Amino acid sequence: MGYILDIDTKKCSSCGACAIACMDQNDIDVAGGILPFRTVFDWEGQEGAEHRHIYVSIACMHCAAAPCVAACPCGCIQKDGETGFTVYNTDNCISCHSCAMACPFGAPSFGKDGKMHKCDGCIERVRHGMEPSCVRVCPTGALRLLREEEWRQWVGQGSLQKIGEEYLHYQR
């Protein structure tokens, strides 16, 4: 049984603590041109007569049927059997960007070396009983790491994982 890293969009305050914690945990050199793995967005829109404004923190969604895994011609991206996270090993990466083109969330990015990098769910932290850095610092509890069973019981209308699954199902 794996984990699901999700966000309750109704709780996110767009503070950016998750993005900073991620950059610190992964030694991301933004000034050196490396894109952060996690980004916080403001979304505004109409839903019927109601005006909606939500904040959302997005990184790799670790999709159950991750399109990036299927798109990678070198097998650099895989699903971890223990955690369910979408992980990578860039030893064989040929910098073709197929994973980035397949990802509906724009998670894969490329460093100066041309190799793909993305959120790995802080898999080593999780394997040692800790939360991912973004979850640990979230002041509103919007970001959550849940076991699949817990997630099924918790999932609400604000769940980005649920929104993402619906989007991927629509794309098929």
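In what follows, the structure referred to is the one given above.
The text that follows walks through the structure, step by step, so that each part is easy to find. (Residues numbered from 1 in each chain as written. Predicted model: local features only at pLDDT ≥ 70, side-chain atom pairs only at ≥ 80, totals over all residues. Heavy atoms only, no water.)

### Digging into the overall build of the protein
When its secondary structure is counted, the protein shows 7 helices and 8 strands. Expressed as a percentage of its 172 residues, the buried residues of the protein come to 41%. About 9500 Å² of surface is accessible on the protein, with carbon and sulfur atoms providing 50% of the total. (Helix = DSSP H or I, 4+ residues; strand = E, 2+ residues; numbered from the N terminus. Buried < 20%, exposed > 50% of the residue type's maximum accessible area, 1.4 Å probe, protein only. Areas by Shrake-Rupley, 256 points an atom, 1.4 Å probe, with all protein chains shown as cover.)

### Looking at the environment of V87
Residue position: V87 is located in strand β5 (residues 86-88). What makes V87 buried here is its relative accessible area of 17%. As a C-alpha pair, V87 and D120 span 33 residues in sequence and 5.3 Å in three-dimensional space. Ignoring sequence-local partners within four residues, the contact set of V87 consists of C76, I77, Q78, D80, D120 and I123. (Contact = heavy atoms within 4.5 Å.)

### Considering the packing of aromatic side chains
Within the structure shown, the criterion is met by 1 aromatic pair. Aromatic pair Y3 and F85: ring centres 6.3 Å apart, planes at 25 degrees, arrangement stacked. You can see Y3 sitting in strand β1 (residues 3-7) and its partner F85 sitting in the loop between β4 (77-79) and β5, a full 82 residues away along the chain. A relative accessible area of 0% means that F85 is categorised as buried. (Phe/Tyr/Trp six-rings, centres within 6.5 Å; stacked < 30°, edge-to-face > 60°.)

### Thoughts on the nonpolar core
Membership of the largest hydrophobic core comes to 35 residues, with the highest contact counts inside it found for I7, I77, F85, F105, V135, L143 and L145. Contributing elements (two or more residues each) for this core: β1, α1 (17-25), β3 (50-58), α4 (123-127), α5 (133-137) and β8 (143-147). F85 has contacts with Y3, H62, Q78, K79, D80, D120, G121, I123, V126 and L145, leaving out every residue within four places of it along the chain. (Core = buried A, V, L, I, M, F, W, Y, C linked by side-chain atoms within 4.5 Å.)

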